[in-house]
Amino acid sequence: MPPNLTGYYRFVSQENMDNYLRALDINVVLRKLVCLLKPDKEIIHTGDHMVIRTITSLRDYVMDFDLGVQFEEDLGPVDGRKCQTTVSWEGDQLVCEQLGEKRNRGWRHWLEGDRLHLRMTAEDEVCVQVFQKVK
């Protein structure tokens, strides 16, 4: 049975965000700004329904979805694109596939103890973020 990811998580660290954003064609000014942000994550996981809020001082981003059901995700706040997105479990990892203009786009979340890990991919770039559960 997959873990329940419900909780509030504070940003700890990230690696390779600039190159990941470059792969998404984000301009240099916005890339530099995003690399300075320290986002928090709030996850509400109820059965097959999830809400993931990414909270920053600049803008919040909310994903509200049912597991295993493809939906159109408006990534306008991120890079101006729309994707056909499906989120499902692969073992203990929550995996998101975002089909659209960019190859190999998606992410995966998993827990190691009380730390939430996020691995985001676009083209050949990988960005990893780590968050600490606080409640």
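Residues numbered from 1 in each chain as written. Predicted model: local features only at pLDDT ≥ 70, side-chain atom pairs only at ≥ 80, totals over all residues. Heavy atoms only, no water.

Under the annotation held in an unreviewed UniProt entry, the chain carries the name RET5 protein and is attributed to Lophotis ruficrista. Heading Subunit (unreviewed entry) of the UniProt record for the chain holds this comment: "Monomer." According to the UniProt record, the Sequence similarities (unreviewed entry) comment for the chain is "Belongs to the calycin superfamily. Fatty-acid binding protein (FABP) family." (UniProt positions renumbered as here; feature names shortened; annotations may be inferred.)

Undergrad: Mind showing me how you'd approach the overall build of the chain here?
TA: For the chain, the helix and strand inventory stands at two helices and 10 strands. Ordered by position in the sequence, the α and β elements of the chain form the string β-α-α-β-β-β-β-β-β-β-β-β. Taken against the 2.2 N^0.38 rule, which gives 14 Å for 135 residues, the C-alpha radius of gyration of the chain at 14 Å falls within 12% of a compact globule. Once the C-alpha set of the chain is aligned to its principal axes, its extents read approximately 40 × 30 × 25 Å. Counting across all 135 residues of the chain, residues that qualify as buried make up 42%. Considering only contacts in the chain between residues 6 or more positions apart, those separated by 24 or more positions represent 39%. Counting every atom, the chain has about 7,300 Å² of accessible surface; 50% of that belongs to carbon and sulfur. Measuring between centres, the 18 positive side-chain charges of the chain sit 6 Å from its 22 negative side-chain charges. (Helix = DSSP H or I, 4+ residues; strand = E, 2+ residues; numbered from the N terminus. Rg over C-alpha atoms; globule rule 2.2 N^0.38 Å. Buried < 20%, exposed > 50% of the residue type's maximum accessible area, 1.4 Å probe, protein only. Contact = heavy atoms within 4.5 Å. Areas by Shrake-Rupley, 256 points an atom, 1.4 Å probe, with all protein chains shown as cover. Lys, Arg positive; Asp, Glu negative; His and termini not counted. Charge placed at Lys NZ, Arg CZ, Asp CG, Glu CD.)

Undergrad: Would you mind showing me how to read the nonpolar core here?
TA: Here is a general trend for soluble globular proteins: nonpolar side chains tend to be buried in one another's company. Counting residues in hydrophobic clusters, the biggest one holds 29 residues, and the most contacted among them are Tyr20, Met63, Phe65, Val87, Leu94 and Trp107. Discounting chain neighbours no more than four positions away, the residues touching Phe65 are Asp48, His49, Met50, Ile52, Phe71 and Val87. (Core = buried A, V, L, I, M, F, W, Y, C linked by side-chain atoms within 4.5 Å.)

Undergrad: Looking at this structure, I do not really get the pairing of strand β3 (residues 49–55). What am I missing?
TA: Each regular strand carries side chains that alternate between the two faces of the sheet. Judged by how many residues are buried, β3 sits mostly within the fold: five of seven residues are covered. Note that strand β2 (residues 40–46) and β3 share seven bridges and pair antiparallel. The partner of Lys41 across the bridge, within β3, is Thr54. The turn joining β2 and β3, which pair antiparallel and follow one another in sequence, is formed by two residues; a positive phi near 60° is taken by Gly47. Bridging between β3 and strand β4 (residues 61–66) involves six bridges; their strand directions are antiparallel. Directly across from Val51, in β4, lies its bridge partner Asp64. Count of turn residues in the β3/β4 antiparallel hairpin: five residues. (Pairing = 2+ DSSP bridges.)

Undergrad: Explain the pairing of β2 here, please?
TA: With three bridges connecting them, strand β1 (residues 7–15) and β2 associate as antiparallel partners. Bridge pairing in β2 links Tyr8 to Glu42.

Undergrad: Even after reading the chapter, I still don't get the environment of Gln70, so can you show me in this structure?
TA: Along the chain, Gln70 falls in the loop between β4 and β5 (71–75). Along the primary structure Gln70 and Pro39 are separated by 31 residues, whereas in three dimensions their C-alpha atoms are 26 Å apart. If sequence neighbours within four positions are ignored, Gln70 has contacts with Gln84, Thr85, Thr86 and Leu99.

Undergrad: Looking at this structure, I do not really get the packing of aromatic side chains. What am I missing?
TA: Two descriptors summarise a pair of aromatic rings, namely the distance from one centre to the other and the angle between the planes of the rings. Applying the stated criterion across every chain, the model contains two aromatic pairs. Between Phe11 and Phe131, the ring centres sit 6.2 Å apart and the planes meet at 75°, which makes this aromatic pair edge-to-face. One end of the pair, Phe11, is in strand β1; the other, Phe131, is in strand β10 (residues 125–133), with 120 residues separating them in the sequence. Like Phe131, Phe11 is buried. Each ring, one from Phe65 and one from Phe71, has its centre 6.1 Å from the other, and the planes form 5°; the classification is stacked. (Phe/Tyr/Trp six-rings, centres within 6.5 Å; stacked < 30°, edge-to-face > 60°.)

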